[in-house]
Amino acid sequence: MKTLLALFALLIVLAMRPDPFWNALPAPVTDADYYDDGTPLPDKVELGRMLFFDKVLSGNQNISCATCHHPDFAGGDGVALGFGEGPRGLGPNRRAGVSSYEAVHERVPRNAPALFNLGAREFTRLFHDGRVEVDTAGYYEGGFITPARWKFPTGLDNALAAQSLFPGTSPTEMTGQRGENPLAEARALNNVAGPGGVWDQLAGRLRAIPAYVELFEAAFPEEVAGADDITMVLAANAIAAFEATAFRADNSPFDQYLRTGEGLNTEAERGARLFYGSAECNTCHSGPFQTDHEFHAIAMPQIGPGKSDGSDDSYWRATGLRAFPEDFGRGRVTRRDEDLYTFRTPSLRNVALTAPYGHSGAYASLEAVVRHHLDPVASLDVYEVPEGLLAPVGEVLETTAQGPKLETRALSPERREAFLERDTWVQRQPELRARIAAANELEPNALSDAQVDDLLAFLESLTDPASKDLSGLIPETVPSGLPVVD
Ligand code: HEC
Ligand code: HEC
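Rules behind the numbers
- Every chain begins its residue count from 1, and numbering advances along the sequence as written.
- Written order determines the labels here, with chains lettered from A and ligands numbered from 1.
- Since the coordinates come from a predicted model, pLDDT governs what is reported: local features require at least 70, and pairs of side-chain atoms require 80 or more to be given and counted, while whole-chain, interface and lining totals use all residues.
- Note that water and hydrogens are dropped before the side-chain values are worked out from all heavy atoms of the structure.
- The rule for donors is simple: N, O or S, within 2.8 Å of the metal, or within 3.2 Å if the metal is Na, K or Ca. Water isn't counted, so a site may look like it is missing partners.
- In DSSP terms, a helix is any run of H or I states spanning at least four residues, a strand is any run of E spanning at least two, and both are numbered starting from the N terminus.
- Multiplying one less than the number of residues by 1.5 Å gives the expected span of a helix.
- Each residue is placed in one exposure class: buried if its accessible area under a 1.4 Å probe, protein chains only, is under 20% of its type's maximum, exposed if it is over 50%, and partly exposed if it falls in between.
- If a single non-hydrogen atom of a residue is within 4 Å of a molecule or strand, that residue counts as near it.
- In protein, a polar contact means a hydrogen-donor-capable atom and an acceptor-capable atom, both N or O and within 3.5 Å, with residues adjacent in sequence counting only if both atoms are side-chain atoms; elsewhere, any N or O pair within 3.5 Å suffices.
- In this classification, the charged set is Asp, Glu, Lys and Arg, the nonpolar set is Ala, Val, Leu, Ile, Met, Phe, Trp, Tyr, Cys and Pro, and all remaining amino acids, among them Gly, are polar.
- Angle rules define the geometry names used: all angles between 85 and 135 degrees makes four donors tetrahedral, while opposite donors over 155 degrees apart and all other angles between 65 and 115 make four donors square planar and six octahedral, leaving every other case irregular.
- The salt bridge criterion pairs a side-chain nitrogen of Lys or Arg with a carboxyl oxygen of Asp or Glu, the two atoms within 4 Å.
- Contacts are residue-level and defined by heavy atoms, with any inter-residue pair within 4.5 Å sufficient.
- DSSP calls a pair of strands paired once it identifies at least 2 bridges connecting them.
- Throughout, nonpolar core names a set of buried Ala, Val, Leu, Ile, Met, Phe, Trp, Tyr and Cys residues whose side chains join them through atoms within 4.5 Å.
- Ring pairs are drawn from Phe, Tyr and Trp, using the six-membered ring of Trp, whenever the two centres fall within 6.5 Å, and their geometry is named by plane angle: stacked under 30 degrees, edge-to-face over 60, tilted for the rest.
- Note on geometry: a ring has a charge over it if NZ (lysine) or CZ (arginine) is within 6 Å of the ring centre and within 35 degrees of the ring normal.

K.L.:
Hey, could you run me through the coordination of the iron atom of ligand 1 in this one?
P.N.:
Any two of four tetrahedral donors ideally make an angle of 109.5 degrees at the metal, while pairs among six octahedral donors ideally make 90 or 180 degrees. Only one protein atom coordinates the iron atom of ligand 1: His69 (NE2), located 2.1 Å from the metal. Structurally, the position occupied by His69 is in the loop between α4 (65–68) and β1 (125–126).

So this is what it looks like as structure tokens:
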């Protein structure tokens, strides 16, 4: 009898013990988690929307932020690695032309991320390697650590605003090649922040468009009383306000679940219990947006042209094309060995909408990238670029002379072949692959097929239904009069 009673008491204690799963879950997201408590001035947002879709911010006026962060592709570009400025069309249909202005010079080396919830205050580090981040030590006057270092302006609202100054300074993404336009010329001379530099010229373009002067006056009534007051800092703040509201996504079934304890189907709930339990996904994908904002090495395969890191010249020696195809990730920012091949933990909000996956878009499907996590090194070793993942490059140009007039020629068939080899070079070199594998910090974790299915159901539950159709963000026209649709 005594033992029975004791057993009964134990059962009651066990039943009353709080479910550790609930403690592991993040708190629900609220307006206060976002800049301006989620409601920036509507006029500022509207100006930002125009700038985001206006090709006037690119050197050759042929590409806007939206080309690579498009509503039709959930704020990404739907491809592993985009082409940047030059080619025409959107997403997987973007193709090079034959004129020097429309040809490919190289692929963009990293996958264009979706921009969901970046207006939440906790996103203080941007880019896959965090190279734009809030300077918590107060070392830089502008308040941000960026590739521009000391030459970075003051007055930027937040990290998102700081980030938006950079695409315009990348020749492949938006500036264009030297000899093609005055912006690219300034960029080639390394004049980004100075008088006549990239940012100054871009502000000049906006000042010359009366509709922008009106929009800036409405958006910044205190700062702008005429064209002369328009600056790229204000433009950046407006773009950030737009991104923060347009891509806010905190109304998924999982959000409902956090708010009410209901809203997940059985599979998704089982997946959540794995994610926040034995599968230990939340050691890195933690917090309300499933990211710790830290950098981790998980042996993600690298494809594409890379970031010219390190001194491995095997590709150059083998092909005669001078290039270094590695991407050191966070290590290229901090120059510390322990950061080599680490990348920022991505937020998983709306992840079911944002294929392909990984910093170079190596995985085409959500299932494939989740399975990579189960045994990263083994997965890296057998990785092959999925058929059709990398869009055909068409004509590729190499520069033969620079100066007032750009001189280019199409690559010969052999050199074009060598150019294409670069896309898979790192993966095909056992020594380079071994370095990525050696940095890996994610232990193998055998999950059954059923468990993987549950995890995928949970990841699906992170989709905000409103994010499935963002076409309402696309303006019909923009102040420059340049075409909005490619
Ligand atoms: C040619 C394509 C392209 C264009 C044009 C482009 N981006 Fe991006 N964007 C990318 C890629 C690729 C990355 C990731 C780069 C990296 O991490 O090194 C990125 C990263 C970002 C990020 C950081 C996201 C994160 O999670 O850290 C933001 C924000 C962003 N872009 C906004 C913009 C804005 C604003 C513009 C226009 C001023 C713009 N982009 C233009 C391709 C593009
Ligand atoms: C050790 C930290 C860590 C753990 C644990 C972890 N991840 Fe990741 N995850 C990452 C990093 C870092 C990346 C991006 C790597 C890159 O791009 O090189 C990533 C990428 C992803 C992506 C692709 C997202 C995108 O937008 O490209 C998904 C999906 C994902 N993780 C799901 C999971 C799931 C599910 C689990 C648990 C089974 C998990 N992760 C466990 C660090 C981790």
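More follows now that the structure is in view.
K.L.:
Would you mind going over helix α10 (residues 232–246) with me for this structure?
P.N.:
Residues spaced three or four apart along an α-helix point in a common direction, a consequence of the helix completing one turn every 3.6 residues. Here α10 is 15 residues long and its end C-alpha atoms lie 20 Å apart, about the 21 Å a rise of 1.5 Å per residue gives. Of all 15 residues in α10, 14 are buried; the element is thus mostly enclosed.

K.L.:
What's the story with the site of ligand 1 in this structure? I'm lost.
P.N.:
If you check the shell around ligand 1, you find 26 residues, and the closest are Cys65, Cys68, His69, Phe127 and Arg131. Interatomic distance of 2.8 Å between a backbone N/O atom of His128 and an oxygen atom of ligand 1. Arg131 places a side-chain nitrogen or oxygen 2.8 Å from an oxygen atom of ligand 1. Going through the elements one at a time, α4, α5 (159–163), α6 (171–175) and α10 are the ones with two or more residues in the shell around ligand 1. Considered class by class, the residues forming the shell around ligand 1 number 14 nonpolar, seven polar and five charged.

K.L.:
Would you take a moment to explain the coordination of the iron atom of ligand 2 for this structure?
P.N.:
Protein coordination at the iron atom of ligand 2: the donors are His285 (NE2) and His373 (NE2), at 2.1 Å from the metal. Its six donor atoms give the iron atom of ligand 2 angles of 85 to 179° at the centre, a pattern that matches the octahedral case. Separated by 88 residues along the polypeptide, His285 in the loop between α12 (266–275) and β4 (295–296) and His373 in helix α15 (residues 366–374) bring together distant segments of the chain.

K.L.:
I tried to follow the pattern of salt bridges on my own but got confused; where do I start?
P.N.:
If you walk through the whole model with that rule in mind, you get 30 salt bridges. Taking the shortest distance from any N to any O, the salt bridge between Glu133 and Arg125 comes out at 3.0 Å. Using a relative accessible area of 10% as the deciding quantity, one classes Glu133 as buried. Overall, Arg125 belongs to the buried group, its relative accessible area being 18%. Two residues, Asp309 and Arg332, come together in a salt bridge whose shortest N-O distance is 2.9 Å. Taken together, the residues span a long stretch of sequence, with Asp309 in the loop between β4 and α13 (314–319) and Arg332 in helix α14 (residues 330–334) at a distance of 23 residues. Salt bridges linked by common partners bring Asp31, Arg248, Asp250 and Arg259 together as one network.

K.L.:
Just to check I follow, could you spell out the site of ligand 2 for this structure?
P.N.:
The environment of ligand 2 is formed by 20 residues, the closest being Cys281, Cys284, His285, His359 and His373. A distance of 2.8 Å separates a nitrogen atom of ligand 2 from a polar atom in the side chain of His373. Of the residues forming the shell around ligand 2, the biggest block, three residues, is contributed by α15. Across the shell around ligand 2, the residue classes tally to twelve nonpolar, seven polar and one charged.

K.L.:
Help me understand the side chain of Ser64 in this model?
P.N.:
Looking at the secondary structure, you find Ser64 in the loop between α3 (42–53) and α4. Not counting the four nearest positions on each side in its chain, Ser64 is found in contact with Phe52, Phe53, Asp54, Lys55 and Met174.

K.L.:
Hey, could you run me through unusual backbone geometry in this one?
P.N.:
Both trends apply: most residues other than glycine have a negative phi, and most peptide bonds are in trans. Of note, the amide linkage connecting Ala355 to Pro356 takes the cis form, showing an omega dihedral of -10°. Within the secondary structure, Pro356 is located in the loop between β5 (343–344) and α15. With a phi close to 50°, Asp37 is a non-glycine residue in the positive phi region. Looking at the element boundaries, Asp37 is found in the loop between α2 (20–24) and α3. The class for Asp37 is partly exposed, based on a relative accessible area of 42%. Positive phi values are uncommon outside glycine, yet Ala74 reaches one of about 50°. Mapped onto the fold, Ala74 is located in the loop between α4 and β1. When its relative accessible area of 6% is taken as the criterion, Ala74 is described as buried.

K.L.:
Got a minute to help me understand the sheet that holds β1 in this structure?
P.N.:
Within a sheet, each strand pairs with its neighbour through backbone hydrogen bonds, oriented either parallel or antiparallel. Sheet architecture is open: three strands sit in the order β1-β2-β3, paired in antiparallel fashion. Each end of this open sheet is capped by a strand with a single partner; those strands are β1 and β3 (144–145).

K.L.:
Would you mind showing me how to read the environment of Ser308 here?
P.N.:
If you trace the backbone, Ser308 turns up in the loop between β4 and α13. Separated by 262 residues in sequence, Ser308 and Glu46 place their C-alpha atoms 38 Å apart. Setting aside chain neighbours within four positions, we find Ser308 in contact with Phe324 and Glu326.

K.L.:
How do you make sense of the nonpolar core when you look at a structure like this?
P.N.:
Looking at soluble globular proteins, one finds that nonpolar side chains tend to be buried together. Ranked by internal contacts, the top residues of the largest apolar core, which has 69 residues, are Leu51, Leu206 and Phe216. Put simply, the parts of the chain that give this core at least two residues each are α3, α4, α5, α7 (182–188), α8 (198–207), α9 (210–219) and α10. By residue number, the principal contributor to this core is α10, which donates twelve residues. Leu206 has contacts with Leu51, Val56, Leu57, Tyr212, Val213, Phe216, Ile230, Met232 and Ala235, leaving out every residue within four places of it along the chain.

K.L.:
Is there a simple way to explain the packing of aromatic side chains in this structure?
P.N.:
The way to describe two aromatic rings as a pair is by their centre distance and the angle between their planes. Counted by the stated rule, this structure contains 26 aromatic pairs. The rings of Phe52, Phe53, Phe116, Phe242 and Phe247 are connected pair by pair, giving a single aromatic cluster. Above the face of the Phe127 ring, Arg131 is positioned so that its terminal group lies 3.7 Å from the ring centre. The ring of Tyr34 has Arg248 sitting right over it, with the charged end atom 4.0 Å from the ring centre.

K.L.:
Mind showing me how you'd approach the environment of Asp464 here?
P.N.:
Mapped onto the elements of the fold, Asp464 is located in the segment after α20 (449–460). On the basis of relative accessibility, which here comes to 6%, the residue Asp464 falls in the buried class. Along the backbone, Asp464 and Phe53 are 411 residues apart, and their C-alpha atoms lie at a distance of 23 Å. Engagement of the side chain of Asp464 in a polar contact is seen with the backbone nitrogen of Ala466, the distance being 2.9 Å.

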